[in-house]
Amino acid sequence: MAFVTPTATRWVAGVAALVLVLASVSFVVPVSGTVSPVSFDDTVKTGGTAVDVQQAKTDGFEVPVAQAHFSRYRYIIGYYGVGTAAADVASPESARQFGDPLAVFVSDYATVSPVLDEDDYLRTEHNRHPGWVEASDAVFVVDSDARIPSGPIVVPFSDPTAARSFTDEYGGTVVDWETLRERSESSLSGRLDAFESSVESHHDWADQTTAAREPLFDRPVSTVVGEDAPTIEAAVESAPEGTAVYVPPGTYSVDSIDVNRSITLLGAGNATHLVGDGNGTVVHVRADEAAVGNLSISGVGSVGTRRVRATNESVDWDTRVQLAYGRGDAGVVLDGATDSALRNVSIDTPASGVIVRESADSVLDNLTIRGAATPSEGFMGIVLIGEPSVVQHSTLLEGRDGVYTHRADGSVVRDNYMKGGRYGVHEMYTSDMLVADNVVRDERIGVIIMTRPVGNLVVGNDIRDSDFGFIPAGSNTYVADNVFANNEYGMDVSGDRQVYTRNVVVGNDIGVRGSSTFPTNVVVRNDIVGNDVQVESTLGPMRTWTTDGEGNYWGDLPLADEDRDGAYDRAFQPSGPIDAELGRHPGALVLSRSPVMDALRSARDEVAGLRGSGVVDAAPRTEPVRPATLASILGGDGTLLGKGGTTLDRDDTTAARESTAARGTNTTAETTMTEEANV
């Protein structure tokens, strides 16, 4: 007979009383009356990107919007982008969690004389704002030339004649609301295939771009410092284009080296040491197809950021960010240097290591950057601004952020090691970026995506010993095959239409934080095991983390699988007060099998008022998705293993996080947003 402590008895009694109270309450979904559109400012907004919204405000072009009123959700959801609204309304996740759409209203461009400017951005006559039309009464122009910075847009009209006139001028096809919804529907397998194809194409682009930069390091040497020219500056100034300047081993004091032609500056490895005067950037690269390799740099100036006065109204949001993050001191700056490269460069810096501005298709390979020991006193290891680049095989230690991006859409950051800073990878205003196979340790946040971008790929990373493994924003992010272990929080599920799959979330204080207001994120085929709290979720409606009959692995649960289909026979609520204690508390299993709990679970599935917040997995797996990876992290007795199989206990994990906390960190994305907004 199992021994039950007095504490256990009180716990069971308390939860049972709560269940009986809930079961006795009648929850009624009120009958909705007439639904009317509201001001878009009064909606809970999603979709679009911060670049779309900010640039539309600055330049005065249109982002078509929509608002959806659901039967089981008290708030009205506003969508930047009509296509996004159609996709969400058509999804089974929205129907299950929000209920039926009572009405969807969209921008009406039938009476505002829409035109496209030279950038194919949508504008209206005299900047008139369109009104609203119910989506079921509207027609929609798809596949026209109309676009916003993040891509093509759908343009709605209340009048089919006005829509056809638009297509006559700008191309496209006119469809109705049902057709638009059908076009927006996609199966999980289809989405996964598309994501995997995108990952592959990003790697292919990075491989091809790297290969294309290889000849820069095979150029014939035209000038040897100390033989053909007395100084590095003189050698760089005299070397013919298409040749290399060789700097023999030694320590060289330099003021600032300007590489303003297509040449390559090569050293003999770390034995070639360039030392700046501590008052600025050491090497400026200002030419296409230029390169720097095989040397070390120190003596960088200490200015990390050029701050802009908030009262200067002539500086727009984009320029403000670029000045703040891309105009400080660095070991190397690539400025308008398309198709350039850095390879085998070591940099010690109190500010930034490398800044890449408007230098498309550049490659940063095998760099070692050591920043300030205190993040608040240092700056970024690598900054990418304005164009896509490749960052790979590099070591980024301490400083503020390992890699920071601003509007560097399409970049690839892969196979890097980051440790001891604020954030490992920090994406701002950046979409369609691949962050793959990086190892991150002892950071405030391993990977953070902010400012509502779209189409990012976070794949195969291993993030441990940090405050937070992963925090996303935006939509349509692919989060797959990552390891989040031994952190305070493993990963955050937020944003809209994100897909989380095949991630291993183990040994964290809190495995997953479900913080999204929207239920449209797909969380399936993940191993979420051995966390002190598996799921923390207090915001938004109840989310179902099951798709097409597949759920996640939560460890060996004391539940039945009578039909042996690989899933337990009942739903599992990892955020619930009872299911969260299964396998830990002797009274939880007994209470979970009680008739009143069966009735409550059934009522919860049918009645919105009983759902509250939280997470439920309708088909929890009986076996892990990635057993080999899980076994390599956990010992045979379920203990968390560190590097080389060393057993980690709670003292080890707490000490790692306390060292991060001592640097004045904060784990909330909201605080981070405030910091960025106040640059």
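Details of the structure are given in the entry above.
The following refers to the structure shown. Please read all numbers here as calculations on a predicted model, not as lab measurements. (Residues numbered from 1 in each chain as written. Predicted model: local features only at pLDDT ≥ 70, side-chain atom pairs only at ≥ 80, totals over all residues. Heavy atoms only, no water.)

Remarks on the overall build of the chain
The secondary structure content of the chain amounts to 14 helices and 49 strands. Among the 679 residues that make up the chain, the fraction classed as buried is 57%. When contacts within the chain are restricted to residue pairs at least 6 apart in sequence, long-range pairs at least 24 apart make up 56% of them. (Helix = DSSP H or I, 4+ residues; strand = E, 2+ residues; numbered from the N terminus. Buried < 20%, exposed > 50% of the residue type's maximum accessible area, 1.4 Å probe, protein only. Contact = heavy atoms within 4.5 Å.)

A few points about unusual backbone geometry
Here Glu-289, not a glycine, exhibits a phi torsion of approximately 50°, which is positive. Among the secondary structure elements, Glu-289 is positioned in the loop between strand S19 (283-285) and strand S20 (291-298). Phi angles above zero are rare outside glycine, and Asn-344 is one such case at about 55°. Secondary-structure assignment places Asn-344 in strand S22 (residues 341-348).

Points about the nonpolar core
Formed by 69 residues in total, the largest nonpolar core has its most connected members in Ile-232, Val-283, Ile-297, Val-354 and Ile-382. Not counting residues up to four positions away in its chain, the partners in contact with Ile-297 are His-273, Leu-274, Val-282, Val-283, Gly-331, Val-332, Val-345, Ser-346, Ile-347 and Asp-348. Of all hydrophobic cores here, the second largest spans 24 residues; its members include Trp-317, Tyr-325, Ala-330 and Val-333. (Core = buried A, V, L, I, M, F, W, Y, C linked by side-chain atoms within 4.5 Å.)

Topic: the sheet that holds strand S1 (residues 44-47)
Within a sheet, adjacent strands bond to each other through the backbone by hydrogen bonds, running parallel or antiparallel. Here we have 5 strands laid out as an open sheet, ordered S1-S3-S2-S4-S7, and mixed in their pairing. Either end of the sheet is taken by a strand with one partner, and the two such strands are S1 and strand S7 (131-134). If you compare each strand with its neighbour and ignore which way they point, the axes differ by 30° on average. Note: strand S4 (residues 101-108) against S7, 4 bridges, orientation antiparallel. The partner of Phe-105 across the bridge, within S7, is Glu-134. (Pairing = 2+ DSSP bridges. Axes fitted to C-alpha atoms, helices over the stretch in contact; angles between N-to-C directions.)

Observations regarding helix H5 (residues 160-170)
The periodicity of an α-helix, 3.6 residues per turn, causes residues three or four positions apart to be oriented the same way. Within the sequence span of H5, burial applies to Ala-162, Ala-163, Phe-166, Thr-167 and Tyr-170. One face of H5 carries all of its buried residues, which in axial projection span an arc of 140°. Tucked into the core, H5 has its buried residues touching strand S5 (115-116), strand S6 (122-123), strand S8 (139-142), strand S11 (155-157) and strand S12 (173-176). You can read the cap of H5 off the contacts: a side-chain oxygen lies 3.0 Å from the backbone nitrogen of Thr-161, and it is on Asp-159. Gly-171, located one to two residues past H5, shows a positive phi value of around 80°. (Arc of directions from axis to C-beta. Polar contact = N/O pair within 3.5 Å; in protein donor to acceptor, adjacent residues only side chain to side chain.)

Thoughts on the pairing of strand S41 (residues 489-493)
For S41, a buried count of 5 out of 5 residues is recorded, marking the element as mostly surrounded by other parts of the structure. Here strand S38 (residues 468-471) pairs with S41 via 2 bridges, running parallel. From the neighbouring strand, Phe-468 faces S41, where its bridge partner is Tyr-489.

Remarks on the packing of helix H3 (residues 82-90) against helix H6 (residues 177-184)
Closest axis-to-axis distance for the H3/H6 pair is 8 Å, and the angle between their directions is 80°. The pairing of H3 with H6 is recorded here as roughly perpendicular in orientation. Within the contact between the two elements, H3 uses Val-82, Gly-83, Ala-86, Ala-87, Val-89 and Ala-90 and H6 uses Trp-177, Leu-180, Arg-181 and Ser-184. Residues belonging to the contact of H3 with H6 are distributed by class as follows: 7 nonpolar, 2 polar and 1 charged. (Parallel < 35°, antiparallel > 145°, perpendicular 65-115°, else oblique. Nonpolar A, V, L, I, M, F, W, Y, C, P; charged D, E, K, R; others polar.)

Quick word on helix H9 (residues 317-326)
Most of H9 is tucked away: 8 of the 10 residues are buried. Three or more residues of H9 are buried, namely Trp-317, Asp-318, Arg-320, Val-321, Gln-322, Ala-324, Tyr-325 and Gly-326. One side-chain oxygen of the residue at the start of H9 lies 3.2 Å from the amide nitrogen of Asp-318, identifying that residue as Asp-316.

Focus on the packing of aromatic side chains
As enumerated under the stated definition, the model contains 14 aromatic pairs in all. On the basis of an interplanar angle of 10° and a centroid distance of 4.3 Å, the ring pair of Tyr-325 and Tyr-404 is categorised as stacked. Of this pair, Tyr-325 sits in helix H9 while Tyr-404 sits in strand S29 (residues 401-406), and the two are 79 residues apart along the sequence. Each member of the aromatic cluster is reached from another via a ring pair, and the members are Phe-157, Phe-166 and Tyr-170. (Phe/Tyr/Trp six-rings, centres within 6.5 Å; stacked < 30°, edge-to-face > 60°.)

Remarks on the layout of surface pockets
To find leftover empty space, one rolls a probe the size of a water molecule over the atoms. If you add up the space inside the largest pocket, you get close to 1,100 Å³. Forming the boundary of the largest pocket are 43 residues, of which Gly-83, Thr-84, Ala-87, Ser-184 and Arg-497 lie nearest the centre. If you list the elements that add at least two residues to the lining of the largest pocket, you get H3, helix H4 (92-98), strand S10 (151-152), H6 and helix H7 (188-213). Tallying contributions element by element places H3 first for the lining of the largest pocket, with 6 residues. (1 Å grid on protein atoms, 1.4 Å probe; cavity = no way out; pocket = protein on both sides within 12 Å on 5 of 7 lines; lining within 4 Å. Points joined across faces, edges and corners; volume = space filled by probe spheres on them.)

Regarding a negative patch on the surface
A surface patch of negative charge is lined by Asp-59, Glu-118, Asp-119 and Asp-316. Relative to the helices and strands, Asp-119 resides in the loop between S5 and S6. On the basis of relative accessibility, which here comes to 41%, the residue Asp-119 falls in the partly exposed class. (Patch = residues over 30% accessible without salt bridge, like charges linked within 9 Å, V, L, I, M, F, W, Y side chains within 5 Å. Areas by Shrake-Rupley, 256 points an atom, 1.4 Å probe, with all protein chains shown as cover. Salt bridge = Lys/Arg side-chain N within 4 Å of Asp/Glu carboxyl O. Lys, Arg positive; Asp, Glu negative; His and termini not counted. Charge placed at Lys NZ, Arg CZ, Asp CG, Glu CD.)

Quick look at the pattern of salt bridges
Per the stated rule, a full pass over the model turns up 22 salt bridges. Between Glu-178 and Arg-181 there is a salt bridge, with the nearest N and O atoms lying 3.8 Å from each other. Separated by 3 residues within a single helix, Glu-178 and Arg-181 lie in helix H6, roughly one turn from each other.

A closer look at the sheet that holds S8
The strand order across the open sheet built from 3 strands is S11-S8-S12, with neighbouring strands paired in antiparallel fashion. What marks the edges here is a single partner per strand, and that holds for S11 and S12. On average, each strand axis in the sheet is tilted by 35° relative to the strand beside it, whichever way the strands run. Examined bridge by bridge, S8 and S11 share 3 bridges and lie antiparallel to one another. Opposite Val-141, over in S11, you have Val-155 as the bridge partner. Sitting on the sheet, H5 touches S8, S11 and S12, and the angle it makes with S8 is about 10°.

Some points on the environment of Ile-257
In this fold, Ile-257 is placed in strand S16 (residues 257-259). Classification of Ile-257 as buried rests on a relative accessible area of 0%. Measuring from C-alpha to C-alpha, the distance between Ile-257 and Ile-232 comes to 7.6 Å, with 25 residues separating the pair along the chain.

Structural notes on empty space enclosed by the protein
Enumeration according to the criterion identifies 1 cavity of 30 Å³ or more in this entry. Approximately 50 Å³ is the volume found for the largest cavity. The wall of the largest cavity is formed by Thr-210, Arg-213, Glu-214, Phe-217, Ala-341, Leu-342, Arg-343, Val-363 and Asp-365. Looking at the lining of the largest cavity, the elements that each hand over two or more residues are H7, S22 and strand S24 (362-365). The dominant element in the lining of the largest cavity, judged by the number of residues it contributes, is S22, at 3 residues. Residue classes in the lining of the largest cavity are distributed as 4 nonpolar, 1 polar and 4 charged.

Geometric values such as these leave the question of function open.
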